[in-house]
Structures are given as C-alpha cells and as structure tokens.
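Architecture and fold: a report
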Amino acid sequence: MNSRPVVLVTGANSGIGLACAEAIARKGYRVYATYRNPRKAGHLWRLSRSLPLFPLLMDVNRTPSVQKAVSQILKKEKRVDALINNAGFVMAGFWEDLSDKDVRDQFETNVFGLLRVSRAVLPFMRKQGSGKILNIGSVAGFAALPGLGAYSATKFAVNSITEALRMETRPWGIDVTEINPGEIQTSVVQNARLGERVKSPQSPYTPFTKYFENFSKERFEKAAPVEKLVGVVLKALEDRPMKRRYLVKLDDYFTYYLRWLLPDALWEWGLGIMFPWSRFPR
Amino acid sequence: MDKYPVALITGCSTGIGLETSLLLARQGYRVFATMRDLKKSSSLRQAAVGLSLEILQLDVDKPASVKKAVSAVLKKAGSIDVLINNAGWGAFGATEEFTDKEIHAQFETNLFGLLRVTRAVLPAMRDQKSGRIINVGSLAGKMTFAGIGLYCATKYAVEAVTESLRLEVRPFNIQVGLVEPGVIETRFKDNRRKAQTFFQEKSAYQPVMEKVFAWSNERAKGAPGPEKVAGTILKALRDRRMALRYALGFDAVWYPVAKWFMPSFVYELVMRRMYGRFLKEPA
Ligand SMILES: NC(=O)c1ccc[n+]([C@@H]2O[C@H](COP(=O)([O-])OP(=O)(O)OC[C@H]3O[C@@H](n4cnc5c(N)ncnc54)[C@H](OP(=O)(O)O)[C@@H]3O)[C@@H](O)[C@H]2O)c1
Ligand SMILES: NC(=O)c1ccc[n+]([C@@H]2O[C@H](COP(=O)([O-])OP(=O)(O)OC[C@H]3O[C@@H](n4cnc5c(N)ncnc54)[C@H](OP(=O)(O)O)[C@@H]3O)[C@@H](O)[C@H]2O)c1
C-alpha cells in the first residue's frame, strides 16, 4: 500500500480542495489533505477513518506552517508525488476601493502561498526525479474582469508561474500544469472578502458594485457541480505528460477561445455590453 | 485647454522614465518627474534645462512617499492629467529559489507600487472628469521566460490590472492603457537583482541560470533605446481613444503574434528548445 503515490492538497477542508482530496483518496492515492483552521477540519477527520486520507494543518500564508507540514509528510512517506495548489480566496472590489493590505492579502494566499508550498516540495521532487504540480487557476487567469481585478491579477500571475515552473523543473522530470475553471458550486462566493471601501457610502463605485453583485450572482446560478472539475483533476493526475492547461466547462472553452481570437477592441466592446456602467446615469 | 497638461511619471532616474519625462516636457507637458533617490537626479536635471520639468522624490514602495509626492503635484499644478507608471525592476533566478522576502520585494515595486500611485491619483482624475494612465508593461506580461518567472508574474498581473481598471474608470472619462516594450537597452539589466541562491554553489539551477543570464545580457546589446518607448507613450497619449495595448520592438510585436498562431504544444516545444539549449551547452 505504501507504494501508492502521495498527493498533497492545500485548502482541502472545503469546496474544490475537499472534493479533490476525497476523490483522489478513493482512487487509492495517499492524500495529505491540509487545512488552516482545525475547527473546520471535522469532515476531513471523518473521511480519514475510511480512506487513505490524512488531515494535516497548513496555512499557506505562513512559512513555518508550510515547512512543518511538508516535513511531516516527507518523514512519514519519504516522497511526495503530486501537489495540488488549491488554497485561495476572492478579494472582490473595484481597484480604488481596495487598500494596500487588501491587495497584499490577496496575493499572499493566491500567489505567494502557492509559491511557498511549491518551493517547499520542489527540492524533494527534484531529488526523486519526478513529481507533478497542479495549480488551480481560474478563467480569470486569462480574462480579467472589472470588480474582480485583484483576483484576476493573482490568477494571471499563477498563469505565468505555471509556465515558468513548467520549463524550469522539467529537466528533473517534474510536470506542472494549471486548471482554469469558471464558476464551480462551492462556498467561494460566501468566503469572498470585500475590499476595505467597497461598502463605504463614499465609494464612487457603489452603483457599479451593485450591478456587479447581481451579475456574479446570476453567473453562479449556472455554476457547474464540483464533480466536473474533480474529473479533470483526476485525468491530469494520470496524464503523462500533463497538458499546459486544462479547461473544465464548455463555457470556459468559449471564453478562452473568444479571448484568444478577438482583438482587444472587440473583446472590450463585448465586456462593455456585459458591464454597461459607462451608460449609467450619474 | 489653455493650461499645459500635467504629467506625473515614476522611476525617472534612468531609462524609459527619464526619456519619457524629457519627451513629454519638450512636447508641452508640465512634467513632474519622480525618482526614489534624488541623488540620482543630475543627468535628468542637466538634460531638462529650460524645460517645464520638476523633479520630486517618490518611492513607489513607500505609501507616505507616494502620498507626499501626489499632493505636492496637486498643490503646485492643481491637477494631474497623465500618470505614467514606469518604476520597476527585474528579479532574476529560478522560481523555486526565491525567498519570501525576494518575492515580496519584486511584487512590492512592480505591482503594489503601481497600484499605490494609481489609487493616489485617481480621486483627482475623477474630480476633474478626465485623465490618462499608462502602465509600462512588457513583452514579459504576455510570454513567460525561464529565469525571470517572477518578473513575468508581476507583468502578467499588470496586464490584468490594466484590463480591469480600464473598464472600472471609463465612466469617469479616465483612460488606461498599457505600453509593452520588448528588450530595451537601459540600465534595466544592471538593476536586475539576482536571487541570493544564484551565487551559491549548491543551487541546482545555477549552471543553467548563469547561461540564461549571460544570454539575456547579450540580447540587450543593440536593442532599441528607451526613447523609442517614450515615443510610443506620446503616441498613446495623443490617440483620442487610447487602445488597451501598445507593443513596440520587433520581439514585443512579433513574438506574441507567433505565439498566437501556434498551437500551444508547438509554442511550448519552441520555448523548450530555446531553454533546452542552455541545459545542454557546456558552461
Ligand atoms: N468556485 C469557483 O467558482 C472557482 C472558480 C475558479 C477558481 N477557483 C479557485 O479554486 C480554489 C478553491 O476555491 P473553492 O471554490 O473550493 O472555494 P472555497 O470553498 O472557499 O475553498 C477555499 C479553500 O482554500 C482555503 N484557504 C484559503 N486561504 C488559505 C490559507 N491561507 N491557507 C490554507 N488554506 C486556505 C480555505 O480554507 P478556510 O475554509 O479555512 O477558509 C478553503 O479550504 C481557489 O484557488 C479559487 O480561486 C474557484
Ligand atoms: N529595459 C527593458 O528591456 C524593459 C522591457 C520591458 C519593460 N520594461 C519596464 O520598463 C520600466 C522601466 O525600466 P527601464 O528599462 O527604464 O529600467 P531602469 O533603467 O532600470 O529604470 C528603472 C527605474 O525605476 C526606478 N525604480 C525602481 N524601483 C523603484 C521604486 N521602488 N520607486 C521608485 N522608482 C523605482 C529606478 O530607480 P533607481 O535608479 O533608484 O533604481 C529607475 O529609475 C520597468 O517597469 C520595466 O519593467 C523594461
């Protein structure tokens, strides 16, 4: 049994992370499902009774926490075959409504956290001469949205980091990919943080924010079940080599190819129809 | 408009910032050329004799410095019509090997600093119901190169910032655009900061990174000068409706076109070939 591949999943106590951890464990992989808040790990502990799933504390924002978790895994398993960088959240708000701290917090988890965990496992993957890293990006990683600029910027950065790591680590047999889902049914909206001044009566963006809230609510009503994404992750884990990126829903393919095909001006014209606030009365 | 448009530019001690501030001043802008270290102001000062150009201290990493400079400009000139977010530098090394501190520092200037100045200037632009913001992006915001992955990540993020901000401030008649130079011959390559581990023998990436580093130095020789970028910035400012992107330089214009036409696996093969050369070649 110990020859089963070892997978580390971050942010595994909820949503995509939880669903992936469980499904991967059912496939027989040994899954280290990490969480940052022990009070939210109940479900993981229950799963751990019947599956090769081991809950472990890890806050991707904190270097000691990451290092401790990774060294615990390595001590027990002497290897780590795959890392799924999933921990992340959404900082919503128009740029001017975000503070320095809001932006920094958004990057700390979605980008620096992802780098922190990758950097912790890579030396061992290089030593064992194999390994896979799957970054959970987003459609926002190639199509930035107003009102979600900070989140988009983190996912654009993940896009680039995936590409760099793919080239740089390949000589050691390490494969890196990115999964770019659109809306998926999770608690991501409830867990979203609002920028400091989003709800301030002084914000000049209030009418647009309201419009945007409705827009994203409608979009999320059409969100895909998480199983759809889990299927893609399982496929990527088995693919060899992995593709540069995996898309999930038909919708996401549509966005991807439109963004690729349309010149900027046309793309923006389309966005202008989706977000018609230039024409709002003021 | 009977008064000269007011331009605030960051990172003007050398390179693109310096050339842009001179060009705009010559073209009738009232320029506030900022830099983080006023001790480096002599070359700009000499070149700007007789022009309507003032030099101010502004370190984009420091909130207090940004605030002070922006309010000084508003006090002196009463408005800010143009902001050029130019300040930036490149981190060099393997993505795995940067420390937390190095990662923070790279994002602090290239991304958080750019946002800090932008947010400081926007209220005034909204009040006056006009304004233009140009972010100096890069070819590295559209294509990732091994060895400068972290720098590329900041420039990818700047693309997202520009795309989203542009739509957010359009109702206030503020235009935002991106100038994307390829390799430009400036002090950029000397100002690059290598990851600390770069100098350590134990770094597994060191041999290949050393070669990538030498190669990129080579490429900067004979590349277009910063005055080319200044010219493109001026053109963007003159376009009645500023486009989202202005690429300049053979590489910045044509590499993305090539990437666009290639299926992604072919593109990857090409990039890998390029990088693979460094892996195989003896040091
Ligand atoms: N759902 C979508 O529509 C969608 C679309 C595209 C991409 N994504 C991406 O998918 C990933 C997972 O999101 P989700 O939809 O599953 O949302 P979710 O249900 O809110 O789950 C996010 C998970 O990340 C964890 N997390 C946040 N910050 C962390 C930190 N500093 N350290 C460790 N864990 C942390 C959360 O832990 P806590 O419970 O303790 O907060 C939670 O387990 C994110 O990267 C998100 O950007 C989601
Ligand atoms: N050269 C290229 O090949 C190239 C290509 C594409 C894009 N770019 C971009 O163009 C911009 C300008 O680069 P350049 O080629 O002109 O390079 P450069 O000659 O090195 O100039 C960079 C300028 O930014 C300033 N700067 C750095 N950190 C700062 C901070 N925290 N606060 C304020 N100013 C700061 C530098 O000031 P100090 O003198 O005090 O360090 C310098 O004035 C950068 O954003 C760069 O990413 C360059």
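Bear in mind that the values here come from a model prediction, so they are computed numbers and not experimental data. (Residues numbered from 1 in each chain as written. Chains lettered and ligands numbered in written order. Predicted model: local features only at pLDDT ≥ 70, side-chain atom pairs only at ≥ 80, totals over all residues. Heavy atoms only, no water.)

1. Things to note about the site of ligand 2
Residues and elements named next belong to chain B. Selection rule: What makes a residue near a molecule or strand is one non-hydrogen atom of that residue sitting within 4 Å of it. In the analysis that follows, any N or O atom pair within 3.5 Å is treated as a polar contact, provided that within protein one partner can donate a hydrogen and the other can accept it, and provided that, for residues neighboring in sequence, both atoms belong to side chains. Areas reported as accessible are Shrake-Rupley estimates using a 1.4 Å probe. Residue values count occlusion only from the protein chains shown.
Near ligand 2, the surroundings consist of 30 residues, among which Ser13, Arg36, Tyr151, Thr186 and Asn191 are the closest. A distance of 3.4 Å separates an oxygen atom of ligand 2 from a polar atom in the backbone of glycine 88. Within the contact set of ligand 2, an oxygen atom lies 2.8 Å away from a backbone nitrogen or oxygen of isoleucine 184. Against a free-state accessible area of 890 Å², the protein chains account for coverage of 97% of ligand 2.

2. Observations regarding the sheet that holds strand E7 (residues 174–181) of chain B
Residues and elements named next belong to chain B. Stated precisely, the cut-off is as follows: A pair of strands is considered paired only if DSSP assigns at least 2 bridges between the two. Each helix corresponds to a stretch of at least 4 residues labelled H or I by DSSP, and each strand to a stretch of at least 2 residues labelled E; elements are numbered beginning at the N terminus. What counts as an axis is a line fitted to C-alpha atoms, over the stretch in contact for a helix, and the angles between N-to-C directions run from 0 to 180 degrees.
If you trace the 7 strands from one edge of the open sheet to the other, you get E3-E2-E1-E4-E6-E7-E9, paired in parallel fashion. A single partner strand is all that each edge strand has here, and the edge strands are strand E3 (53–57) and strand E9 (245–248). If you compare each strand with its neighbour and ignore which way they point, the axes differ by 20 degrees on average. Of the pairings in the sheet, the one linking strand E4 (residues 82–85) to strand E6 (residues 131–136) comprises 4 bridges and is parallel in character. Counted as the bridge partner of asparagine 85 is asparagine 135 from E6.

3. Observations concerning the sheet that holds strand E9 (residues 245–247) of chain A
All names here are of chain A. Worth spelling out the cut-off: By definition, residues are in contact when any of their heavy atoms lie within 4.5 Å.
An order of E3-E2-E1-E4-E6-E7-E9 is seen for the 7 strands of this open sheet, with the pairing classed as parallel. Edge positions in the sheet fall to strand E3 (53–57) and E9, since each has one partner strand and no second. The average undirected angle you get between the axes of adjacent strands in this sheet is 20 degrees. Where strand E1 (residues 6–9) lies against strand E4 (residues 82–85), 3 bridges are found, and the strand directions are parallel. Within the sheet, the bridge partner assigned to leucine 8 lies in E4 and is leucine 83. On top of the sheet, helix H1 (residues 15–26) reaches E1, strand E2 (30–35), E3 and E4; it is set at about 160 degrees to E2, its chief contact.

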